[in-house]
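# Architecture and fold: a report
Chain by chain, the residues:
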There are 4 protein chains.
Amino acid sequence: MLTVKRLSHEEARVLLDGAARKAREMGIPMCNAVTDESGHLIAFDRMDGGKISSISIAVDKAFTAAVARKGTHVYNDLCQPGKPTFGIHITNGGHFSIIGGGLPVTVDGAIVGGVGVSSGTAGEDQVCAEAALAYFYEKTGLKP
Amino acid sequence: MLTVKRLSHEEARVLLDGAARKAREMGIPMCNAVTDESGHLIAFDRMDGGKISSISIAVDKAFTAAVARKGTHVYNDLCQPGKPTFGIHITNGGHFSIIGGGLPVTVDGAIVGGVGVSSGTAGEDQVCAEAALAYFYEKTGLKP
Amino acid sequence: MLTVKRLSHEEARVLLDGAARKAREMGIPMCNAVTDESGHLIAFDRMDGGKISSISIAVDKAFTAAVARKGTHVYNDLCQPGKPTFGIHITNGGHFSIIGGGLPVTVDGAIVGGVGVSSGTAGEDQVCAEAALAYFYEKTGLKP
Amino acid sequence: MLTVKRLSHEEARVLLDGAARKAREMGIPMCNAVTDESGHLIAFDRMDGGKISSISIAVDKAFTAAVARKGTHVYNDLCQPGKPTFGIHITNGGHFSIIGGGLPVTVDGAIVGGVGVSSGTAGEDQVCAEAALAYFYEKTGLKP
């Protein structure tokens, strides 16, 4: 029998609060999503003004980061034409995101979930996802 | 030019809080979703223990209630074999829910969003969605 | 942080072995699938002669039993026309199975995975899934 | 009338065992899939720690190798922007894999199935798929 650690709902909301704080600071209303370590959605917020097209993108970014275990920006590099991972962006029913803004959530070295942000540029989304993680570790006292 | 009234993110979260309060009272961890009047997700919570299969069901219930403008339980009645609306449950890419637990959110007679609850029986889900609406009107002072 | 118990690959294969033993005894080559508690496939076997149409059905049965937390035959009863859960069979992207032959795998009261069997009648599939569980508890010494 | 040679379930499991042996040697838990010559799944194993996003990728690699009759890495080369096969990765409902790690299984010059490996880099996956084939020929005494 395996034993797995997983974000609680309360912890997921801390991540969303962290993303929203940064989004407000940046002046960009975002879609923010948190999944568990198996890629299933725990919590989601579309801030007033967040893009409708970003609802599923944010969820897909969180999914990908959790289950493929890398930031989605890493897969953007790996998935360039001419590279051997080119093509991964259309797998998993189109839900494999290669756009920056999705990051795994780790606790004591284990992936316990994923966070995904969308509505800005890929770079802005990633900054916001990083801020969500920083806020999460600060508030919970947990260690990456 | 049309002017459309739409739930804000803050108001959507009041609905989710109302659903969660009732779910805790009932002892059933739920998946709770709120969409805007166009059926697009604003906010979502899977309480600890909410069913994974209910994530998309809750979202589909909120979507259906908002855009088809009836409680999903009403469509359950309308969609029985032998009735002229039979078959509607497989429309909209399979996202048209006919299971009770989705209700339109109205303000001054206009539909401004939808709320969807899933993880219990259809009846339990509906009770929880109704409690979300009651809490929403109480907290915001808005009128159906 | 939540802590979750999950079937290991070795345990999943014990379930598949149990299903195959019963299938051979019944003289029906089956498709047998085991998922983890989040509904993700761990192991699969199509016995020589198992139906091609049953590949995805077996996987969907295991998925449904794990994440909706009931035997798929239970949902067959609940999803009859005239009942309030009618319509659940087309949710989850069409992966929600209401055909008998899917059972949750529980250990000490917690769902740790799902087993799905397909190629016979719904009743035969269910007998085989039950045999898989019985074999699993006998071999591992674990308790439901 | 055509007569078709096809991997048996027992032979498919030899391929999975070969893949798992190499994966353990490399220290990378993999998702391993084997399809028949028609691209339909015969057997699948997700080793403890294999990526969830790699479940469908491994199956798609085995499918593609069997039915498109080339290693998936070959299609990666053929499917570059500017080349006439660019675009093939989105065909077949998104199941056409162009990421290395899928290889046809041939016996006496005929394709009898496909093997797909995923969770490492494309190169690591391919090494593992090649090891599966080598183990298969060694154990069965069959010739490519």
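What you see is a predicted model, and the numbers here were worked out from it, not measured in a lab.

A word on the overall build of chain A. On a plain count of helices and strands, chain A comes out with four helices and five strands. Since a compact globule built from 144 residues should have a radius of gyration of about 15 Å, the 14 Å found for chain A is in line with a globular shape. Relative to its 144 residues, chain A shows a buried fraction of 60%. For chain A, restricting intrachain contacts to residue pairs at least 6 apart in sequence, the fraction spanning at least 24 positions comes to 64%. Accessible area for chain A stands at about 5,200 Å²; split by element, carbon and sulfur atoms hold 54% of it. In chain A, 14 side chains carry a positive charge and 15 a negative one; their mean positions are 2 Å apart.

What follows is about helix 2 (residues 54-68) of chain D. Residue and element names in this part refer to chain D. The end-to-end C-alpha separation of helix 2 is 20 Å, in line with the 21 Å expected for 15 residues at 1.5 Å each. Summarising burial for helix 2: 12 of the 15 residues are buried, a large majority. When we look at burial in helix 2, the residues that qualify are Ser 54, Ile 55, Ile 57, Ala 58, Asp 60, Lys 61, Ala 62, Phe 63, Thr 64, Ala 65, Ala 66 and Ala 68. Following helix 2 by one or two positions, Arg 69 has its phi on the positive side, about 65°.

The next thing to look at is the pattern of salt bridges. What the rule picks out here adds up to 34 salt bridges over all chains. Taking the shortest distance from any N to any O, the salt bridge between Arg6(A) and Glu37(A) comes out at 2.7 Å. One end of the pair, Arg6(A), is in strand 1 (residues 2-6); the other, Glu37(A), is in the loop between strand 2 (31-36) and strand 3 (41-46), with 31 residues separating them in the sequence. Here Arg6(A) matches Glu37(A) in class, with each residue buried. Salt bridges here are not isolated pairs; linked through shared partners, they connect Arg6(A), Asp36(A), Glu37(A), Arg46(B), Arg6(C), Asp36(C), Glu37(C) and Arg46(D).

On to the relation of the copies chain B and chain C. Between chain B and chain C, the superposition needs a rotation of 91° and an axial shift of 0.0 Å, giving an RMSD of 0.1 Å. Considering both components of the superposition, the chain copies are consistent with a four-fold axis.

Turning to empty space enclosed by the protein, a few remarks are in order. Applying the stated rule across the entire model yields one cavity of 30 Å³ or more. Of the pockets and cavities examined, the largest cavity occupies roughly 50 Å³. Every residue lining the largest cavity is listed: Gly87(A), Ile90(A), Thr91(A), Ile57(D), Asp60(D), Gly94(D), Phe96(D), Ser97(D), Ile98(D) and Ile99(D).

Residues and elements named next belong to chain B. Close contact between helix 1 (residues 9-26) and helix 4 (residues 122-140) brings their axes to 7 Å; oriented N to C, the two are set at 130°. Taken together, the axes of helix 1 and helix 4 lie oblique to each other. Judged by the sense of rotation from one axis to the other, the crossing of helix 1 with helix 4 is right-handed. Along the contact surface, helix 1 presents Glu 11, Val 14, Leu 15, Asp 17, Gly 18, Ala 19, Arg 21, Lys 22, Ala 23 and Met 26, while helix 4 presents Glu 124, Val 127, Cys 128, Ala 131, Ala 132, Leu 133, Tyr 135, Phe 136 and Lys 139. Its residues placed into classes, the contact of helix 1 with helix 4 shows 12 nonpolar, one polar and six charged.

Rules used in this analysis
The numbering scheme is per chain: residues are counted from 1 as the chain's sequence reads. The naming scheme follows written order: chains are lettered A onward, ligands numbered 1 onward. Totals for whole chains, interfaces and linings use all residues, but because this is a predicted model, local features are given only for residues with pLDDT of at least 70 and pairs of side-chain atoms are given and counted only at 80 or more. Excluded from the side-chain calculations are hydrogens and water; all other atoms, namely the structure's heavy atoms, are used. Strands are runs of DSSP state E lasting at least two residues, helices are runs of H or I lasting at least four, and both sets are numbered from the N terminus onward. Only C-alpha atoms enter the radius of gyration, while the globule expectation follows 2.2 Å times N to the 0.38, with N the number of residues. For every residue, the accessible area (1.4 Å probe, protein chains only) is compared with the maximum for its type, and the residue is labelled buried under 20%, exposed over 50%, or partly exposed between those bounds. Contacts were defined at the residue level, with two residues in contact if any of their heavy atoms lie within 4.5 Å. Residue exposure ignores everything except the shown protein chains as possible cover, and the areas themselves are Shrake-Rupley values with a 1.4 Å probe. Positive charges come from Lys and Arg alone, negative charges from Asp and Glu alone, with His and the N- and C-terminal ends not counted. The location of each charge is read from NZ of Lys, CZ of Arg, CG of Asp or CD of Glu. Given the number of residues in a helix, its expected span is that number minus one, multiplied by 1.5 Å. We define a salt bridge as a contact between a side-chain nitrogen of Lys or Arg and a carboxyl oxygen of Asp or Glu at a distance within 4 Å. Each copy is superposed on the other by least squares, with the fit set by C-alpha atoms of residues at a pLDDT of at least 70 in both. Grid points spaced at 1 Å over the protein atoms alone were grouped into cavities, where a 1.4 Å probe fits but cannot get out, and pockets, open sets with protein on both sides within 12 Å along at least five of seven lines, with lining residues defined by an atom within 4 Å of a point. Grid points are joined across faces, edges and corners, and a volume is the space filled by probe spheres set on the points. Axis angles are defined between N-to-C directions and span 0 to 180 degrees, where every axis is a line fitted to C-alpha atoms and, for a helix, only to the segment in contact. Angular relationships are summarised with four words: roughly parallel below 35 degrees, roughly antiparallel beyond 145, roughly perpendicular across 65 to 115, and oblique for the angles in between. Helix crossings fall into two classes, left-handed where the near helix is turned counterclockwise from the far one by less than a right angle and right-handed where it is turned clockwise. Only Asp, Glu, Lys and Arg are considered charged in this grouping, and only Ala, Val, Leu, Ile, Met, Phe, Trp, Tyr, Cys and Pro are considered nonpolar; every other residue, Gly among them, is considered polar.

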